[in-house]
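Breakdown of the fold
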Amino acid sequence: MKKLQFTALLLAVALMLGTLPACDDKDNETPKTGDEQTDPTPEPGLVAIDIDFAQGPQIATPALPAASAESLSGRTKYTIAGYAFAVYADKEKNGKYFWIDNSQFNASTPEPNKGLYFSKEGAYVELPALPGKALIRAVYTSTTSVNAVIDLNLTDTNGTQIDQTITPAEDGLTQTFAPVTPEAGKCYRLTIANSKNAQMARLTLTYDDVQ
């Protein structure tokens, strides 16, 4: 029992510090507490991760850069909604990422007007890989302030585009990405394939068991 309590304590500290492993690490576990630590078998059925960046830069641990003046490049790991993500932008291509509030520029900017800004070719948001679960759908919603056509794709961790379907919604802001052949425990990235910038207002990830 003491060992179990100590393990749960370490996990809680890791979550607060944003140290849960990302996909490039060998052991990307979904955060668990209590007796769940003793059972590595995932619960059957769908798992949905819903993220709304309108909550502000503190939605992530550590907090996202809160303005363009604080933007970062390179790769940073974040814990969001209890899961391990990573964000990357290439400094040599003038890429950067930060949390953006477009309403500060124009108060009448329609919602969604806040999001995660990440820019330039090769920039990505790395999605969690859940043990025993496969990503079957990633629904990306942009802020209303993006005017250029963003070429986004699901890629693997080598940057190679996977076989996928991409379905745009009628609102002009939302795209649904779905791997053609979902694989359990597989890590994917939403990667920019052109020189534009993306502004992710909302992201919904759905995982399921693979038959």
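Placed above this text is the structure.
Bear in mind the structure is a predicted one, so any value in this text is a computation, not a measurement.

With that out of the way, let us pick up the overall build of the protein. A count of helical and extended segments in the protein gives one helix and 13 strands. Shown N-terminal to C-terminal, the secondary structure of the protein runs as helices and strands in the order α-β-β-β-β-β-β-β-β-β-β-β-β-β. Looking at the protein as a whole, 43% of its 211 residues are labelled buried. Of the roughly 11,000 Å² of accessible surface on the protein, 51% is carried by carbon and sulfur atoms.

When you line up the elements, Cys23 lands in the loop between helix 1 (2-17) and strand 1 (47-52). Remark: the alpha-carbon pair of Cys23 and Cys187, spanning 164 residues in sequence, is separated by 5.8 Å.

Attention shifts here to the pattern of salt bridges. One pass over the structure, following the stated rule, counts four salt bridges. The salt bridge partner of Glu126 is Arg75, with a shortest N-O separation of 3.0 Å. One end of the pair, Glu126, is in strand 7 (residues 124-126); the other, Arg75, is in strand 3 (residues 74-80), with 51 residues separating them in the sequence. Linked through salt bridges whose partners overlap, the residues forming this network are Arg75, Glu126 and Arg189.

Inspection of the sheet shows strand 1 paired to strand 13 (residues 197-208) by six bridges, in the antiparallel sense. The residue of strand 13 that forms the bridge with Ala48 is Thr206. Relative to strand 13, strand 6 (residues 114-119) runs antiparallel, the two sharing four bridges. Residue pairing in the sheet places Ser119 in a bridge with Asn197 of strand 13.

Mapped onto the elements of the fold, Thr143 is located in the loop between strand 8 (134-142) and strand 9 (152-155). A relative accessible area of 0% means that Thr143 is categorised as buried. Here the side chain of Thr143 touches Gln199 through a polar contact of 2.8 Å, side chain to side chain. Discounting residues that sit within four places of it in the chain, Thr143 has contacts with Asn102, Pro112, Asn113, Lys114, Gly115, Leu173, Gln199 and Ala201.

What follows covers the pairing of strand 8. As paired elements, strand 8 and strand 13 share eight bridges and run antiparallel to each other. Among the inter-strand pairings, Tyr140 is bridged to a residue of strand 13, identified as Leu203. Here strand 8 runs beside strand 11 (residues 174-179); their pairing, made up of four bridges, is antiparallel. Along strand 11, the bridge assignment pairs Ala138 with Phe177.

Next up on the list: unusual backbone geometry. The omega angle of the peptide bond from Thr61 to Pro62 is -5°, so this bond is cis rather than trans. Within the secondary structure layout, Pro62 lies in the loop between strand 2 (60-61) and strand 3. The step from Glu111 to Pro112 runs through a cis peptide bond, and the omega angle for that step is -5°. Tracing the chain through its elements places Pro112 in the loop between strand 5 (97-101) and strand 6. One non-glycine residue, Ala81, lies in positive phi territory at about 55°.

What counts and what doesn't
- Residues numbered from 1 in each chain as written.
- Predicted model: local features only at pLDDT ≥ 70, side-chain atom pairs only at ≥ 80, totals over all residues.
- Heavy atoms only, no water.
- Helix = DSSP H or I, 4+ residues; strand = E, 2+ residues; numbered from the N terminus.
- Buried < 20%, exposed > 50% of the residue type's maximum accessible area, 1.4 Å probe, protein only.
- Areas by Shrake-Rupley, 256 points an atom, 1.4 Å probe, with all protein chains shown as cover.
- Salt bridge = Lys/Arg side-chain N within 4 Å of Asp/Glu carboxyl O.
- Pairing = 2+ DSSP bridges.
- Polar contact = N/O pair within 3.5 Å; in protein donor to acceptor, adjacent residues only side chain to side chain.
- Contact = heavy atoms within 4.5 Å.

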